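# Coordinates in review
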Amino acid sequence: AIVNQVAKCDPAEGLVLIWRFLALANSIFARCDDSSGTMIGIFQAACTDLGEIAKAAKLDPVNLADQTFQALTENEYGQYDDLISVLTPALGQKGLEHLKQRMVALSNEPVQKPAEKERRVIGFGSGGAIYADEMAARSRVSTVRLALMEIADAQGDVHAFIGQYDEQTRKVPKIAAEIVKRLLAAGRSQEA
């Protein structure tokens, strides 16, 4: 209904509604078993529709980048995994650059570590207890890194993509192949 009725008549209103629909994902996934992949498929399809509606709505790219940033930082179940690529046409260079700056700023914010007595153990590993705050910090680092890689791809910035990996990780065959693929696409065969 959002895509075929509301967005066709009023893309701006359709955009508001599809963002609201997508915002339901975390609470739904927290309460259901999606081992079949049905629910994630619905939300990923809605994410793709969001890209089309955003192009039609012609929203200010900075505002769209702010909404994108918020969604990516709440991507608990992977519903927004392709968000940057589907929104790239609507974001344009201005929106992508703003989103990039927001992600860089997030990576520079200090991680708040609760007092020892307030830390919550969520599991145990070979190194001992695994704390919720440690997992949240790792998740944030991963979110920022993946977003910056997608932004680099969207902007055609091979150097920024490569910069998301340390020297040792760049030698891992799968990562090296991804880097070579991007260098070749950019016409930089000597470096590849």
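Residues numbered from 1 in each chain as written. Predicted model: local features only at pLDDT ≥ 70, side-chain atom pairs only at ≥ 80, totals over all residues. Heavy atoms only, no water.

### Digging into the overall build of the protein
Put simply, the rule is: A run of H or I in DSSP counts as a helix once it spans at least four residues, and a run of E counts as a strand once it spans at least two, with each numbered from the N terminus. The cut-offs for exposure are 20% and 50% of the maximum accessible area for each residue type, with area from a 1.4 Å probe on protein chains only; residues under the lower value are buried, those over the upper are exposed, and the others partly exposed. Any pair of residues with heavy atoms lying within 4.5 Å of one another is described as a contacting pair. For every accessible area listed, the method is Shrake-Rupley and the probe measures 1.4 Å; residues are considered covered only by the protein chains on display. Here the positive residues are Lys and Arg and the negative ones are Asp and Glu; neither His nor the chain ends is included. Taken as the charge centre is NZ of Lys, CZ of Arg, CG of Asp or CD of Glu, depending on the residue.
Broken down by element type, the protein carries nine helices and two strands. Taken from the N to the C terminus, the helices and strands of the protein come in the order α-α-α-α-α-α-β-β-α-α-α. If you line up the protein on its principal axes, its C-alpha atoms span 55 × 50 × 35 Å. Taking all 192 residues of the protein together, the buried fraction comes to 32%. Contacts spanning at least 24 positions in sequence make up 58% of the contacts within the protein whose residues lie at least 6 apart. When the accessible surface of the protein is split by element, carbon and sulfur atoms take 53% of a total near 11400 Å². Side-chain charges of the protein comprise 21 positive and 25 negative groups, with the mean position of each set lying 3 Å from the other.

### Here we look at the pattern of salt bridges
Short version of the rule: The salt bridge criterion pairs a side-chain nitrogen of Lys or Arg with a carboxyl oxygen of Asp or Glu, the two atoms within 4 Å.
Here the structure, examined in full by the defined rule, presents 10 salt bridges. The salt bridge involving aspartate 153 is made with arginine 182; its shortest N-O contact spans 2.6 Å. With aspartate 153 in helix H7 (residues 132–155) and arginine 182 in helix H9 (residues 173–185), this residue pair connects regions lying 29 residues apart in the sequence. Judged by relative accessible area, arginine 182 falls into the buried class, the value being 17%. Residue arginine 188 pairs with glutamate 191 through a salt bridge whose shortest N-O separation is 2.7 Å. On the basis of relative accessible area, glutamate 191 is assigned to the exposed category, the value being 51%.

### Thoughts on the packing of aromatic side chains
This is how it is decided: Working definition: a ring pair exists when centres of Phe, Tyr or Trp rings (six-membered ring for Trp) sit within 6.5 Å. Plane angles under 30 degrees give stacked, over 60 give edge-to-face, the rest tilted.
In this structure the tally under the stated criterion is five aromatic pairs. Arranged with centres 4.9 Å apart and planes meeting at 20 degrees, the rings of phenylalanine 21 and phenylalanine 43 form a pair that is stacked. Of this pair, phenylalanine 21 sits in helix H2 (residues 11–23) while phenylalanine 43 sits in helix H4 (residues 38–57), and the two are 22 residues apart along the sequence. You can call phenylalanine 21 partly exposed: its relative accessible area is 28%. By relative accessible area, which is 1% here, phenylalanine 43 ends up buried.

### Some thoughts on unusual backbone geometry
Backbone geometry follows two general trends: most residues other than glycine have a negative phi, and most peptide bonds adopt the trans configuration. A positive phi angle, close to 55 degrees, is found at lysine 58, a residue other than glycine. Tracing the sequence through the fold places lysine 58 in the loop between H4 and helix H5 (61–72).

### Observations regarding the side chain of glutamine 79
Condition: Within 3.5 Å is the distance limit for a polar contact, defined as a pair of N or O atoms, with the added protein rule that one can donate a hydrogen and the other accept it, and that residues adjacent in sequence qualify only through two side-chain atoms.
Considering the arrangement of structural elements, one finds glutamine 79 in the loop between H5 and helix H6 (83–108). On the accessibility criterion, glutamine 79 (1% relative accessible area) is buried. Engagement of the side chain of glutamine 79 in a polar contact is seen with the backbone nitrogen of tyrosine 77, the distance being 3.2 Å. Here glutamine 79 is in contact with Ala25, Asn26, Ile40, Phe43, Gln44, Cys47 and Glu74, once residues within four sequence places are set aside.

### Concerning the layout of surface pockets
Rules: Grid spacing is 1 Å over the protein atoms alone, the probe is 1.4 Å, and a cavity is where that probe fits but cannot get out, while a pocket is an open set with protein on both sides within 12 Å along at least five of seven lines and lining residues have an atom within 4 Å of a point. Grid points are joined across faces, edges and corners, and a volume is the space filled by probe spheres set on the points. All residues other than Ala, Val, Leu, Ile, Met, Phe, Trp, Tyr, Cys, Pro, Asp, Glu, Lys and Arg, Gly among them, are scored as polar; the first ten of these are nonpolar and the last four charged.
Taken as a whole, the largest pocket holds about 360 Å³ of empty space. Of all the secondary-structure elements, those providing two or more residues to the lining of the largest pocket are H6 and H7. Among the elements that make up the lining of the largest pocket, the one with the highest residue count is H7 (eight residues). Grouping the amino acids of the lining of the largest pocket by side-chain chemistry returns seven nonpolar, five polar and five charged.

Read these as spatial facts, not as claims about activity.
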